[in-house]
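Listed below, chain by chain, are the residues.
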Amino acid sequence: MKIRKLTIKDYPELIRLWDRARLPAKPKGRDSKAHIAKEMACNPGFFIGAFEKDMMVGTIIASHDGRKGWLNRIAVDPDYRRQGLAKILTVAGEKALRKRGIRIFGLLIHEYNAASLKLAQKMGYKVHNDILYLTKRNGDHI
Ligand SMILES: CC(C)(COP(=O)(O)OP(=O)(O)OC[C@H]1O[C@@H](n2cnc3c(N)ncnc32)[C@H](O)[C@@H]1OP(=O)(O)O)[C@@H](O)C(=O)NCCC(=O)NCCS
């Protein structure tokens, strides 16, 4: 298994993996090729992939707003789950953020996503039941 940073050449594999992992993407919004290329250019090293031979089997995207870091879109191919891959990807994402001086890491997880919730808690993340997530969006597709 190889862990490496992704480039825009990996985009088709990234979409395929999200599809296999049943992770809902926004292909007309922030997951479009153009948007991801822009994000990768601003933050090289924040898109990370796990590869078995040449096949992408896991991903994570780090991001930060200068104050806090976020780990997004952790996804592992169903055939490669329960082998500790998400834990390895989480550590890699945290490392990329630490390199940029970020020391607080956050995750947004749907309440029904038991596997992700367990993963996060196992990795030392604390649930804050008193915080609600609010967004304001300039369109449904983003
Ligand atoms: C969540 C996900 C990334 C976990 O990937 P994974 O590689 O199987 O996870 P790991 O093997 O590293 O497991 C780490 C820990 O997470 C927990 N965990 C993982 N899958 C679990 C499951 N199905 N049920 C309960 N706990 C689970 C366990 O505590 C596990 O530690 P353990 O094996 O020592 O008990 C994977 O199930 C996935 O891709 N899900 C669909 C995409 C998704 O929902 N992503 C999250 C978006 S926020």
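Residues numbered from 1 in each chain as written. Predicted model: local features only at pLDDT ≥ 70, side-chain atom pairs only at ≥ 80, totals over all residues. Heavy atoms only, no water.

Asks: Describe the nonpolar core, listing the residues and the values that go with them.
Replies: Judged by nonpolar contacts, the single largest core of 32 residues is most densely connected at Leu6, Leu14, Ile36, Phe47, Leu89 and Leu97. Among all residues touching Leu89, those that are not within four sequence positions of it are Ile3, Ile48, Gly49, Ala50, Gly58, Thr59, Ile60, Ala75 and Val76. (Core = buried A, V, L, I, M, F, W, Y, C linked by side-chain atoms within 4.5 Å. Buried < 20%, exposed > 50% of the residue type's maximum accessible area, 1.4 Å probe, protein only. Contact = heavy atoms within 4.5 Å.)

Asks: Got a sec to walk through the sheet that holds strand β5 (residues 105-106)? Specific residues and values, please.
Replies: The five strands lie next to each other as β1-β2-β3-β4-β5, forming an open sheet whose pairing is mixed. Looking at the sheet topology across the chains shown, the edges are occupied by β1 (2-5) and β5. For β1 and strand β2 (residues 47-52), the ladder comprises four bridges, and the chain directions are antiparallel. Looking at the pairing, Lys2 lines up with Phe51 of β2. (Pairing = 2+ DSSP bridges. Helix = DSSP H or I, 4+ residues; strand = E, 2+ residues; numbered from the N terminus.)

Asks: Before we move on, can you summarise the packing of aromatic side chains with the specific residues and values?
Replies: With the rule as written, the count across this model stands at zero aromatic pairs. Between the NZ or CZ atom of Arg4 and the centre of the ring of Phe51, over which it lies, the distance is 4.1 Å. (Phe/Tyr/Trp six-rings, centres within 6.5 Å; stacked < 30°, edge-to-face > 60°. Lys NZ or Arg CZ within 6 Å of the ring centre and 35° of its normal.)

Asks: Outline the site of the ligand, supporting the account with residue identities and numerical values.
Replies: Lining the immediate environment of the ligand, one finds 19 residues, of which Ile74, Val76, Arg82, Gly84 and Asn113 sit closest. Protein burial of the ligand: of its 910 Å² of free accessible surface, 78% is covered by the chains. Broken down by secondary-structure element, the contributors of at least two residues to the shell around the ligand are β4 (69-76), α3 (85-99) and α4 (114-122). The element best represented in the shell around the ligand is α4, accounting for five residues. Residues belonging to the shell around the ligand are distributed by class as follows: ten nonpolar, four polar and five charged. (Near = heavy atom within 4 Å. Areas by Shrake-Rupley, 256 points an atom, 1.4 Å probe, with all protein chains shown as cover. Nonpolar A, V, L, I, M, F, W, Y, C, P; charged D, E, K, R; others polar.)

Asks: Mind laying out the pattern of salt bridges, listing which residues take part and the relevant values?
Replies: Inspection of the entire model under this criterion finds six salt bridges. In this structure, Asp77 and Arg20 form a salt bridge, with 2.7 Å as the shortest nitrogen-oxygen distance. Separated by 57 residues along the polypeptide, Asp77 in the loop between β4 and α3 and Arg20 in helix α1 (residues 11-20) bring together distant segments of the chain. For Asp77, a relative accessible area of 0% puts it in the buried group. Given a relative accessible area of 35%, Arg20 falls into the partly exposed group. (Salt bridge = Lys/Arg side-chain N within 4 Å of Asp/Glu carboxyl O.)

Asks: Give me the lowdown on α3, citing residues and values where you can.
Replies: Taking 1.5 Å per residue, 15 residues should reach 21 Å; α3 reaches 21 Å between its end C-alpha atoms and fits that length. In the core, the buried residues of α3 are packed alongside β1, β2, β3 (55-64), β4, β5 and α4. Looking one or two residues past α3, Gly101 carries a phi angle of roughly 85°, positive in sign. (Expected span 1.5 Å × (residues − 1).)

Asks: Can you explain the side chain of Arg73? Please cite residues and give values.
Replies: Note that Arg73 resides in strand β4. Polar contacts involving the side chain of Arg73 include one to the side chain of Asp31, which spans 2.9 Å. Excluding its chain neighbours within four sequence positions, the residues that come into contact with Arg73 are Trp18, Leu23, Pro24, Ala25, Arg30, Asp31, Thr59, Ile60 and Ile61. (Polar contact = N/O pair within 3.5 Å; in protein donor to acceptor, adjacent residues only side chain to side chain.)

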